[in-house]
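Understanding the architecture of this molecule
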Amino acid sequence: VFKAVTQIKQEDPDAANKDLEYYKSAFRSVKEVQNNGRAYAETIVAEGATLLKNEKPNNIDTKALPLVKGAKISLFSTSSTDPIISGTGSSGTAGADVSLIDGIKAAGIEVNEDLYTWYEMNQSKYGRQQSGGFIGRKFSIGDAYWNEIDTEAKTDKEYGDAAVFVLSRIGGEGRDATMYGDPTDDATDGNYLKLSPSERDMLKNLKTQKDNGTFKRIIVLINSANFVEGEFINDPELGIDAAIWVGAYGSMGAYAIGDILVGNVNPSGRLSDTMWKYHYKNPVHANFGMLT
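By convention here, each chain's residues receive numbers from 1 onward along its written sequence. Predicted model: local features are reported for residues with pLDDT of at least 70 only, side-chain atom pairs are reported and counted for 80 or more only, and whole-chain, interface and lining totals are derived from all residues. Working from all heavy atoms in the structure, the side-chain values ignore hydrogens and water.

**Describing the overall build of the protein**
- Note on conventions: DSSP H or I runs of at least 4 residues are helices, E runs of at least 2 residues are strands, and numbering of each starts at the N terminus. Scanning the protein from N- to C-terminus turns up six helices and eight strands.
- Listing the helices and strands of the protein from first to last along the sequence gives α-α-β-β-α-β-α-β-β-β-α-β-β-α.
- Burial classification: accessible surface area is computed with a 1.4 Å probe over protein chains only, and a residue below 20% of its type maximum counts as buried, one above 50% as exposed, and the rest as partly exposed. Within the protein, the proportion of its 292 residues that are buried is 46%.
- Two residues qualify as a contact provided that any one of their heavy atoms is within 4.5 Å of a heavy atom in the partner residue. Partitioning the intrachain contacts of the protein with sequence separation of at least 6 by distance along the chain shows that 76% fall at a separation of at least 24.
- Surface accessibility follows the Shrake-Rupley procedure with a 1.4 Å probe radius. Residue values consider only the protein chains on display as shielding. For the protein, the exposed surface amounts to about 15,200 Å²; the carbon and sulfur share of it is 49%.

What follows is the structure, encoded as structure tokens:
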């Protein structure tokens, strides 16, 4: 662009008096561009998040959401410290500018720091496995079972306003998620898009804790662009009171998630695809999983 403008000035003696900027920017600096992009990234999540369920738990007088500002919650699952923020391959991003815990705290919610630290310290043992290559992650879940969480923080009633469980699934270009018994993953029957045994165990134990009075409500954040089988949302054994689909929420979406939890944002988005209770009932299921 600089070379072209210089050439025009050389060829046109009156160029100094002409406006040679054809594509004008609304921003005065690169920093303004970056800040606008961050704000827009947050807005996308706020407007796209979709409320799938919101019921009144038996032990309180209101629906599960929104939480009041100042609520004290506990975050569960290894994905609470290692969430999905983008797809893999060329849709991947380097990392989030805001962690999930910081986004939630920014909305005025207090988070069980001891439990969060336990998940952080045990990421090498529990969590998605690296596979190398272009995809970068295996289709693995690797979450901890309830009895494997060896800290009393998991039952800290002080942070019992809500147990928030983060359910994440990676996805991207190059291959389909496994649904046919891939021995390298830890999903139920090899079906990556179904609750794993450890996830179901965790939710069942959270319901037990809710029934015992430790937690007032159970909230699930579905952090994935791939839809898991949705039958678990209304499974009475799991006792889920509210569920929100937030997708792969990008660099700034954690702020939007915090605002959704306290009611500053209405999660009134719509799903772009049908979320099946059981994938085997989906007509395209027979063509799924052929790319490896």
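**Quick notes on the pattern of salt bridges**
- We define a salt bridge as a contact between a side-chain nitrogen of Lys or Arg and a carboxyl oxygen of Asp or Glu at a distance within 4 Å. According to the stated counting rule, one finds eleven salt bridges in the structure shown.
- One salt-bridge network, held together by shared partners, links Lys-72, Glu-110 and Glu-158.

**So, the environment of Leu-271**
- Topologically, Leu-271 is positioned in the segment after helix H6 (253-262).
- Between the C-alpha atom of Leu-271 and that of Gly-48, which follows or precedes it by 223 residues, the distance is 8.3 Å.
- Leu-271 has contacts with Thr-50, Leu-52, Phe-227 and Trp-245, leaving out every residue within four places of it along the chain.

**Overview of the pairing of strand S7 (residues 218-224)**
- Burial within S7 is extensive, with seven of its seven residues counted as buried.
- Should DSSP find at least two bridges between two strands, the strands are taken to pair. Note that strand S6 (residues 162-169) and S7 share seven bridges and pair parallel. Within S7, the position partnered with Phe-165 by the bridge is Val-220.

**Concerning the packing of aromatic side chains**
- Within 6.5 Å between ring centres, the rings of Phe, Tyr and Trp (the latter by its six-membered ring) count as paired, and their orientation is classed by plane angle as stacked under 30 degrees, edge-to-face over 60, tilted in between. In this structure the tally under the stated criterion is six aromatic pairs.
- Three or more aromatic residues joined by ring pairs make a cluster, and in this case those are Phe-76, Trp-146 and Phe-215.
- By definition here, charges over rings are those cases where NZ of Lys or CZ of Arg is within 6 Å of the ring centre and within 35 degrees of the ring normal. A cation over a ring is seen here: Lys-72 above Tyr-159, with NZ or CZ 5.9 Å from the ring centre.
- Sitting over the face of the ring of Tyr-192, Arg-169 holds its NZ or CZ atom 5.3 Å from the ring centroid.

**Re the nonpolar core**
- Within the largest apolar cluster, 35 residues are counted, with the highest numbers of intra-cluster contacts made by Leu-67, Ile-73 and Leu-261.
- For this core, the secondary structure elements donating two or more residues are helix H2 (30-48), strand S2 (72-76), helix H3 (100-106), S6, S7, strand S8 (242-245) and H6.
- With residues near it in sequence (within four places) discarded, Leu-261 still touches Leu-65, Pro-66, Leu-67, Ile-104, Ile-109, Ile-219 and Ile-244.
- Only buried residues count toward a nonpolar core. Its members are Ala, Val, Leu, Ile, Met, Phe, Trp, Tyr and Cys residues joined through side-chain atoms within 4.5 Å. Core analysis: the next-biggest nonpolar cluster, separate from the first, contains 29 residues, Leu-115, Met-202, Ile-222 and Ile-240 among them.

**Quick word on the sheet that holds S2**
- Spatial strand order, S1-S8-S7-S6-S2-S3: six strands in an open sheet with mixed pairing. Pairing within the sheet leaves two strands with one partner each, and these edge strands are strand S1 (50-54) and strand S3 (110-111).
- Contacts from helix H4 (residues 113-121) reach S2 and S3, with the element oriented near 15° to S2. Note on geometry: axes are C-alpha line fits, over the in-contact stretch for helices, and angles between N-to-C directions span 0 to 180 degrees.

**Comments concerning helix H5 (residues 197-211)**
- Multiplying 1.5 Å by the helix residue count minus one yields the expected span of that helix. Over its 15 residues, H5 extends 21 Å from the first C-alpha to the last, a length consistent with the 21 Å expected when each residue adds 1.5 Å.
- Buried within H5 are the following residues: Ser-198, Glu-199, Met-202, Leu-203, Leu-206, Gln-209 and Lys-210. Along the long axis of H5, the arc covered by the buried residues comes to 130°, so they all point the same way.
- In this fold, the buried residues of H5 make contact with S2, H4, S6 and S7.
- Backbone geometry just after H5 places Gly-213 at a positive phi near 95°. What the arc describes is the spread of directions from the helix axis to the C-beta atoms.

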